[in-house]
Amino acid sequence: MVNPASASSPSARAPLLQTIGISKRYGSFLANDSVDLDLYTGEIHALLGENGAGKSTLVKTMYGLIQPSAGELRFLGEKLELSGPSDARARGIAMVFQHFSLFDNLTVAENVALGLDGSESFAAMSARLAQVSRDYGLPLDPNREVWRLSVGERQRIEIVRALMQNPKLLILDEPTAVLTPQEADQLFTVLFRLKSEGRALLYISHKLDEVKRLCDTATILRGGKKISTCDPRQETAASLARMMVGAEIGEVKATSARASTVPRLLINDLSFEPDDPHGVYLKGISVEVKGGEILGIAGVAGNGQDELFSALSGERIAPHEDNVIIDGHAAGHLSVTDRRKLGAAFVPEERLGHGTAPRMKLSENALLTGHAASDMVHHGFVDKPKTLETVDKTTKTFDVRKAKRDPEAASLSGGNLQKFIVGREILREPGVLIVSQPTWGVDAGAAAVIRQALLDLSGRGSAVLVISQDLDELAEIADRMAVMFHGHLSEPIAAADATREKLGLLMGGASPAQAEAGRDREAVHAIGA
Amino acid sequence: MQLVLEKRAERSTKIAIASPLIAIALTLVTMSILFAILGKNPIAALIVYFVEPLTDSFTLMEIAVKATPLVMIAVGLSLCYLANVWNIGAEGQFIMGAVCGSYLAVVTNGTDAGPWVLPAMLLMGAAGGALWALIPALCKVKFGANEILTSLMLVYVADLIMDYLVRGPWRDPKGMNFPTTASFDPVATVPTLFETGRIHWGAVVALIVVALATVMLGRTIKGFEIRVVGAAPRAARFAGFSSNRLVLFTFAISGALAGLAGIIEVAGPVGVLQPGISPGYGFTAIIVAFLGRLNPVGILIAGLFLALTFIGGEGAQISMKIPLDLTKVFQGILLFYVLACDSLILYRIRLIATAKKASHGVA
């Protein structure tokens, strides 16, 4: 057997890791269709593609989580067969996942120790952890429990854990999805540093501006196939998007007849203890949403958005009945069903398991929220044709693509399922719609459909409240924006005045006055510390 | 080579039907090995167990008699299990149903009470089982007590209550000190269906229960609620379904059905209240519920099959001196295989070639 170390006398442009004709087949579905990809040291390589394009399958193959059906990996020119992630880590391939795998009740150091092979003492490991995090400007206290940390800090744990293995290749799966603009900037500094150290980075994203700013090379996947490898700096965001989607994306347009003066949703001084001991206290939240208006609530995840959503939907009953007023009716004490009967509709963040029962058919999932205020139920008996009719109508109006008429919810792609969930609520013509992360993890085409549907609904006089981490999305559809931080909701500001910088500072906990004066760099640094 | 479990995109309906059959086949293989270890001819033993009872009209009717309580209890349990509520105490609810219903039979014994006695006994039996089942349900809802433990422990309490009554206040004065009540009067007895054989109107009640449960699960919003709460609790809460309310509902229904099965058993085939009225129906029904895919019609078939093992086990004890306890072993092994095979509904087994470790070289 050839010793890979001796074979690695790389010419200047020998790839570190290559995928050669990688295919992955699931039954009749081809998730990857002979994909070739070259990753070089000292380079940040973007992997672009819509949901379901095969990005995750490809990187999971590189990380040893999936065995390819055909094709091979080459590491420094040598054929590489990975038996699992630990094998990949041993070769110097590390990955930071989009969804963190951390234990809330353990400390930072304990969490990191769990991911390492345990060949060094805990004290030595802790010291090295502190050292690595200091070196890279990713400050972390090894002895703090994870539940006390912000989302950005939790991501730092994952990155530091990966760096402690001194990887040659670092794979990052949508790392900025959960960060404020300022936190994302800090992350980019770290990534540039890793690149200058001669590591290879594979950066999965669908934020095109970021990719243009950060990456040297971009590979675009669509439908499991590689469409192109290009230099993103030479492309426009529009041309990249075209390659990802395979078609032009329609711009969303607001219909006229907006903003009446009548508030249809009122939240009055809502203070709320969390269910979960690690949850967030809501503190005196007051805001109103008028008919014909979209109010956007920005903020980094975990600042009370989930708690606010469950208080508004009625999954948790508010302390006072006039904390929540829907179309003039005090609804704070009402159940979800009764709030739906008042004409409210809700779309939660989590599609599978919250918005739908994953292993149930779409018609049953139509009944899930439709049983409250429609004619799907007569004297306790379910009218099955009616539920199917809702599925058909939603499918048609919102272009939901699926393999058969009434499949299980879990079998739909994220974008199509989200179109179904949003469509199911909008078809009921709600007077008040509360929606959380409407296009999270959804492909660009579906996102445009969903945003247009929200705009159209508000155009017909409904009040729409959108909780979102995606500032671009809020800029596109919201009339006013407020920011959640540590359970407080800021005063709403008109969308026209809401610059990224101002919102970013509010998301980091600055008061509106500070944010107003926030162009000075001091404030930015204060948040970084 | 490596065996891996791979998640399927949709649940496989084919496997959902095949899984119990695979489980039965594996159980038969395991049982054959056990028979061989005991020094019995496996083929002969299996024939005594599973074929002979089917060749005789008397044993066929006995199978129906044994299946009646199993099916009624298992239908109730399936509602609980579908909703992710774990009622393990059907045996106790069965006994309390028998006790509460028997109260009327005991106090009207030898009087001129009219034909209202039997219907009233059935009602009281169902109510007794339901109330007994509501104890663990309330403990769960109010204090978060684990219903598996509380419902199971209440089985022994129910057993001792019955024991006390038949040895004490309800003992038949003319019963020569045997722990039993007096034989029930004809008005307190469930009539048999035919002139001969012990098959009784309870079997018809069981069929009605199966039909009602099928309609409820498939067509009503309540049935939908039960399925959603079990399959996706968070989505159920989002749908406005209260899981606490459903814990009470499913426990009450399954308790009522177990209680009804209990009073029908003592007022039918047994005819008196005495210890040992149940050969573990409440526990065997758990196996019936799972073997029947938590589906009422499936439960009907599974109930008949498990009843066959009771009858076959008795036959094997008589003709081949195989211990009766082996029937319980059989049922336990069956449940084990059913649960194992069920993972194939959502997952598939795949053989995967792994990288040869030899090519690692010096890292």
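Quick caveat, the model's predicted, so the values are computed rather than measured. (Residues numbered from 1 in each chain as written. Chains lettered and ligands numbered in written order. Predicted model: local features only at pLDDT ≥ 70, side-chain atom pairs only at ≥ 80, totals over all residues. Heavy atoms only, no water.)

(A) Spotlight on the overall build of chain B. Each helix and strand in chain B was counted, giving 13 helices and 2 strands. Taking 21 Å as the expected radius of gyration for a compact globule of 363 residues, we find that chain B reaches 23 Å, a close match to that expectation. Each principal axis of the C-alpha distribution contributes one length, and for chain B these read about 95 × 60 × 35 Å. Relative to its full complement of 363 residues, chain B shows a buried share of 51%. The contacts of chain B with a sequence gap of at least 6 include a subset with a gap of at least 24, amounting to 77%. Element-wise, carbon and sulfur atoms account for 69% of the exposed surface of chain B, whose accessible area totals about 16500 Å². Side chains of chain B carry 25 positive and 18 negative charges; the gap between the two charge centres is 16 Å. (Helix = DSSP H or I, 4+ residues; strand = E, 2+ residues; numbered from the N terminus. Rg over C-alpha atoms; globule rule 2.2 N^0.38 Å. Buried < 20%, exposed > 50% of the residue type's maximum accessible area, 1.4 Å probe, protein only. Contact = heavy atoms within 4.5 Å. Areas by Shrake-Rupley, 256 points an atom, 1.4 Å probe, with all protein chains shown as cover. Lys, Arg positive; Asp, Glu negative; His and termini not counted. Charge placed at Lys NZ, Arg CZ, Asp CG, Glu CD.)

(B) View of the interface of chain B and chain A. At the junction of the two partners, chain B supplies 30 residues and chain A supplies 40 residues. Here chain B packs against chain A, burying approximately 3000 Å² in sum over the two surfaces, 58% of which is carbon and sulfur. Across the contact surface, chain B and chain A share 1 salt bridge. Taking the shortest distance from any N to any O, the salt bridge between Arg 227 of chain B and Glu 364 of chain A comes out at 2.7 Å. Remark: the boundary between chain B and chain A carries 8 residue pairs in polar contact (both at pLDDT 80 or more). (Buried area = accessible area lost by both parts, 1.4 Å probe. Salt bridge = Lys/Arg side-chain N within 4 Å of Asp/Glu carboxyl O. Polar contact = N/O pair within 3.5 Å; in protein donor to acceptor, adjacent residues only side chain to side chain.)

(C) Spotlight on the packing of aromatic side chains. All names here are of chain B. This model, assessed by the stated rule, comprises 15 aromatic pairs over all chains. Between Phe 50 and Phe 330, the aromatic rings sit 5.4 Å apart at their centres with planes inclined by 45°, giving tilted as the arrangement. Residue Phe 50 is located in helix H2 (residues 42–51), and its partner Phe 330 is located in helix H13 (residues 325–346); the two are separated by 280 residues in the primary sequence. Residue Phe 50 is classed as buried on the basis of its relative accessible area of 12%. Between the aromatic rings of Phe 336 and Tyr 337, the centroid separation amounts to 5.5 Å while the plane-to-plane angle is 65°, which identifies the pairing as edge-to-face. Taking the relative accessible area as the measure of exposure, Phe 336 reaches 58% and is therefore exposed. Joined through ring pairs, the aromatic side chains of Phe 35, Tyr 49, Phe 50, Phe 305 and Phe 330 make up one cluster. (Phe/Tyr/Trp six-rings, centres within 6.5 Å; stacked < 30°, edge-to-face > 60°.)

(D) Region of interest: the domain arrangement of chain A. Residue and element names in this part refer to chain A. Domain boundaries assigned for chain A yield domain 1 (4–92 + 167–245), domain 2 (263–498) and domain 3 (499–529). Each partner contributes to the interface: domain 1 provides 8 residues, whereas domain 2 provides 8 residues. Summing the contributions of domain 1 and of domain 2, the shared interface buries around 690 Å²; its carbon and sulfur component is 56%. Sorting the residues of domain 1 by area buried against domain 2 places Glu 50, Asn 51 and Val 178 first, and these three jointly supply 50% of that buried surface. Inspection of the region where domain 1 meets domain 2 yields 0 salt bridges. (Domains from an automatic or database assignment.)

(E) View of the pattern of salt bridges. All names here are of chain A. Considering all chains together, one arrives at 36 salt bridges over all chains under this definition. The residue Arg 148 makes a salt bridge to Glu 145 at a minimum N-O spacing of 2.8 Å. We classify Glu 145 as partly exposed; its relative accessible area is 26%. Among the ionic pairs, Arg 451 bridges to Glu 473, the shortest N-O distance being 2.9 Å. Of the two residues, Arg 451 is situated in helix H15 (residues 444–459) and Glu 473 in helix H16 (residues 471–477); the sequence distance between them amounts to 22 residues. By the burial criterion, Arg 451 is buried, and Glu 473 matches it.

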